[in-house]
Amino acid sequence: MGKAGGIYHAAALNDFFKEVSYLALFTGRFFREVLPPPYELRQFIRQSYLIAFRSFPLVGITGFIMGLVLTIQTQPILTQFGAEAWLPAMVSLSLIREIGPVITALICAGEVSSSMGAELGSMKVTEQIDAMQVSGTNPFKYLVVTRVLAATLMVPLLVIIGDAVGLCGSFVGVNLNGNISLHLFFSKAMGTLNFSDLLPAFVKTFFFGFAIGLVGCFKGYYSSKGTEGVGKAANSAVVIASLLVFIIDMIAVQITSLFFSQA
Amino acid sequence: MDSHQTPIVVEAEHLRKSFGDNHVLKDINLRLAKGENLAILGQSGTGKSVLIKCMVGLLFPDAGRLLVLGKDVADLDDRGLDEMRMKVGFLFQSGALYDSMTVRENLEFPIRRQMRSKSSAEISALVEESLENVGLSEAIDVMPVELSGGMRKRLGLARTLILKPEIMLYDEPTTGLDPITSRGISSLILEVQEKYNTTSIIVTHDLECTRIVANRVVMLEKGICVAEGTYEDLRQSNDPWVRSFFE
Ligand SMILES: Nc1ncnc2c1ncn2[C@@H]1O[C@H](COP(=O)(O)OP(=O)(O)OP(=O)(O)O)[C@@H](O)[C@H]1O
Ligand SMILES: [Mg+2]
């Protein structure tokens, strides 16, 4: 039994490295194909629209609730220390630096990666990708490059929206137990933010978007035959994309503290 | 034989293709003259689809030579493959319709991609004409999921024929259709041959269709060509296995 288990683990490890190397090859192919023409502009715009449109409601609602809950939970603690005036600043800092980007990216991993995995997977299974190839269209450019680029640009946009809605939620939270004008709230919330808070938080969202689009397309494009294969593609796309979001976040924190810690 | 005068457009020599341990094509030899309709018969799983997929560069042979329009498919780069594919039409066994696009967009897709100089009016006229050819005019603004199996098949056919390719590869064009529609498709295949002097390979199980369209028939069994001849030749063959196919 021990031996069989060992073989099993070895096979799983082997699969893991295979998967990673295929993903690396896929990424390499993306960078090779992204620059040379022709450009599928219409597809890119369509995909961007779909991503933004599909994820917007959930990002909005989650952002609002996050802002609200964060405020309500932080308020008593700050009141204890007599630092209630710092509430907007503290909420906006944690929202914009960490919670907003990560939560939004996770939502997009769920919505965008899975739908890309399922869509490309079923196109693969029903030979639509082959049909494109035969029609003289490079399916990688038409399907993958447009989707990855769209995700790379739209996820940051969704993060900005999520952050903004989150601050509105926080404003409502503050006003539940007190009274503060919208103007005062936002000047307090934004006043303490500086460049070294905003820039890294914003830059990492592009990497989130890239990873989300890339993994969704990768899983779909190489999905195995059959309906089960499509389901698996969608499911594993979400799992891997979510994991990558955390890994990128961790790396981003390390790099940020390296560059901005002196400040 | 007049095949000395007419040029050969597809030629396969000792073609082999395996997927792992599954040796699908073992030794395929084929020659196809311009303007000819060749039917390929064979049991399910003998590699008929694999063979014609090799001819458009969707799969690549492991060994042997495969010349399409005078060029070896294995030597072509992406650009060469695209140029070759413009002249070769492929009807997928499953139809392979783009299910996120309407019927009209499905038909427009290959034209917009390959004939960029065409105006919208010309494209629209082409689309309507080709839908009429397969009797689907009323379904022009419908999504493919709303079509019946037979209608999907005919739409796939229309989408392939719209570019008027020099070589047509039909993967089971009549499977799953009623006899009347089947006959309609068969006569369409003949019409395409006569009108545009198209060379065709028709992979099929449908004997009626074979009888109507094929100038020549090749039978595949376990990855090799076991018999070749006209429909009548094979029907009266001495080989009991070949004959059993026609009963
Ligand atoms: N992409 C692929 N990867 C692995 N194996 C494949 C692939 N395509 C086909 N095969 C295998 O090749 C063999 C022949 O398949 P093919 O689709 O050519 O059969 P066919 O003669 O067209 O049968 P049918 O009449 O049922 O369509 C099958 O055993 C199939 O499993
Ligand atoms: Mg087949």
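Residues numbered from 1 in each chain as written. Chains lettered and ligands numbered in written order. Predicted model: local features only at pLDDT ≥ 70, side-chain atom pairs only at ≥ 80, totals over all residues. Heavy atoms only, no water.

Colleague: I tried to follow the environment of Gly 135 of chain B on my own but got confused; where do I start?
Modeller: Checked against the element boundaries, Gly 135 of chain B lands in the loop between α4 (120–133) and α5 (149–161). Each C-alpha atom of the pair Gly 135 of chain B and Gly 45 of chain B lies 31 Å from the other, and the pair is 90 residues apart in sequence. (Helix = DSSP H or I, 4+ residues; strand = E, 2+ residues; numbered from the N terminus.)

Colleague: What am I meant to see in the interface of chain B and chain A here?
Modeller: In many reports, interface size means the accessible area that the parts give up when they come together. Taken together, the contact between chain B and chain A spans 20 residues of the former and 13 residues of the latter. Between chain B and chain A, a total of about 1500 Å² is buried, with carbon and sulfur atoms accounting for 51% of that surface. On the chain B side of the contact with chain A, Arg 85, Tyr 98 and Arg 113 of chain B bury the most area, a combined 32% of that side's loss. The interface formed by chain B and chain A contains two salt bridges. Glu 40 of chain A is the partner of Arg 113 of chain B in a salt bridge, and the nearest nitrogen-oxygen pair spans 2.9 Å. Summed over the shared surface of chain B and chain A, the result is six residue pairs in polar contact (both at pLDDT 80 or more). Among the elements of the structure, α2 (78–87), β6 (88–91) and α3 (103–114) of chain B are those that each provide at least two residues to the side of chain B that touches chain A. At four residues, the largest contribution of residues to the side of chain B that touches chain A is made by α3 of chain B. Here the residues of the side of chain B that touches chain A are counted per class, giving 11 nonpolar, three polar and six charged. (Contact = heavy atoms within 4.5 Å. Buried area = accessible area lost by both parts, 1.4 Å probe. Salt bridge = Lys/Arg side-chain N within 4 Å of Asp/Glu carboxyl O. Polar contact = N/O pair within 3.5 Å; in protein donor to acceptor, adjacent residues only side chain to side chain. Nonpolar A, V, L, I, M, F, W, Y, C, P; charged D, E, K, R; others polar.)

Colleague: When you look at the side chain of Thr 74 of chain A in this model, what are you seeing that I'm missing?
Modeller: Residues and elements named next belong to chain A. Mapped onto the elements of the fold, Thr 74 is located in helix α2 (residues 41–80). For Thr 74, the side chain forms a polar contact with the main-chain oxygen of Leu 70, separated by 2.3 Å. In this structure, Thr 74 is in contact with Leu 87 and Met 90, ignoring residues within four places of it in sequence.

Colleague: Would you mind showing me how to read the packing of helix α3 (residues 87–125) of chain A against helix α7 (residues 195–221) of chain A here?
Modeller: The relative placement of two packed helices is expressed as an angle between their axes plus a distance between the axes. All names here are of chain A. At a closest axis distance of 7 Å, the pairing of α3 and α7 adopts a crossing angle of 15°. Considering their axes alone, α3 and α7 lie roughly parallel with respect to each other. At the point where α3 passes α7, the crossing takes the right-handed sense. Class assignment of the residues belonging to the contact of α3 with α7 gives a composition of 16 nonpolar, seven polar and five charged. (Axes fitted to C-alpha atoms, helices over the stretch in contact; angles between N-to-C directions. Parallel < 35°, antiparallel > 145°, perpendicular 65-115°, else oblique. Left-handed = near helix turned anticlockwise from the far one by under 90°.)

Colleague: Looking at this model, I keep getting lost on the pairing of strand β10 (residues 224–229) of chain B. Mind explaining?
Modeller: Successive residues of a regular strand alternate their side chains across the two faces of the sheet. Residues and elements named next belong to chain B. Pairing of strand β9 (residues 216–221) with β10, which is carried by five bridges, proceeds in the antiparallel orientation. Bridging from a neighbouring strand, Leu 220 pairs with Cys 225 of β10. Counting the residues between successive antiparallel strands, the hairpin from β9 to β10 contains two residues, one of them, Lys 222, with a positive phi of roughly 50°. (Pairing = 2+ DSSP bridges.)

Colleague: What is the right way to read the UniProt feature "transmembrane region" (unreviewed entry) in chain A from this model?
Modeller: All names here are of chain A. The residues that UniProt annotates with the feature "transmembrane region" (unreviewed entry) are residues 51–73, 148–172, 201–222 and 234–260. Strand forms 0% of residues 148–172 and helix 100%; the C-alpha atoms that close the span are 36 Å apart. Measuring from the first to the last C-alpha atom of residues 234–260 gives 38 Å, for a span that is 100% helix and 0% strand. (UniProt positions renumbered as here; feature names shortened; annotations may be inferred.)

Colleague: I would appreciate a short explanation of the coordination of the magnesium ion (ligand 2) in the present structure.
Modeller: For a metal bound by four donors in a tetrahedral arrangement, the ideal donor-metal-donor angle is 109.5 degrees, while six donors in an octahedral arrangement ideally sit at 90 or 180 degrees. Binding of the magnesium ion (ligand 2) to the protein goes through Ser 49 of chain B (OG) and Gln 93 of chain B (OE1), at separations of 1.9 to 2.3 Å. On the criterion of sequence distance, the pair formed by Ser 49 of chain B in helix α1 (residues 48–55) and Gln 93 of chain B in the loop between β6 and α3 is long-range, its members being 44 residues apart. (Donors = N, O, S within 2.8 Å, 3.2 Å for Na, K, Ca; no water.)

Colleague: Explain the nonpolar core here, please?
Modeller: By size, the foremost hydrophobic cluster in this structure holds 82 residues, and its most contacted members are Ile 212 of chain A together with Leu 51, Met 55 and Leu 169 of chain B. Sorting elements by how many residues they give to this core places helix α5 (residues 139–176) of chain A first, with 12 residues. The residues touching Leu 51 of chain B, leaving out its near neighbours within four places in the chain, are Leu 15, Leu 25, Ile 28, Leu 30, Ile 40 and Leu 220 of chain B. If you look at the next biggest cluster of nonpolar residues, it comprises 30 residues, including Val 127, Leu 155, Leu 157 and Ala 158 of chain B. (Core = buried A, V, L, I, M, F, W, Y, C linked by side-chain atoms within 4.5 Å. Buried < 20%, exposed > 50% of the residue type's maximum accessible area, 1.4 Å probe, protein only.)

Colleague: How do you make sense of the packing of aromatic side chains when you look at a structure like this?
Modeller: To describe a pair of aromatic rings, one takes the distance between the centres and the angle between the planes. Throughout the structure, instances matching the rule amount to 20 aromatic pairs over all chains. Note on Phe 26 of chain A and Tyr 221 of chain A: the rings are 6.1 Å apart at their centroids and 55° apart in plane angle, and the pair reads as tilted. Taken as a pair, Phe 26 of chain A in helix α1 (residues 2–34) and Tyr 221 of chain A in helix α7 lie far apart in primary sequence, 195 residues in all. The pair Phe 26 of chain A / Tyr 221 of chain A is uniform in exposure class, with both members buried. These aromatic residues form a ring-pair network of at least three members: Phe 26, Phe 140, Phe 218, Tyr 221 and Tyr 222 of chain A. Residue placement shows Arg 159 of chain B over the ring face of Tyr 98 of chain B; its charged tip is 4.5 Å from the ring centre. (Phe/Tyr/Trp six-rings, centres within 6.5 Å; stacked < 30°, edge-to-face > 60°. Lys NZ or Arg CZ within 6 Å of the ring centre and 35° of its normal.)

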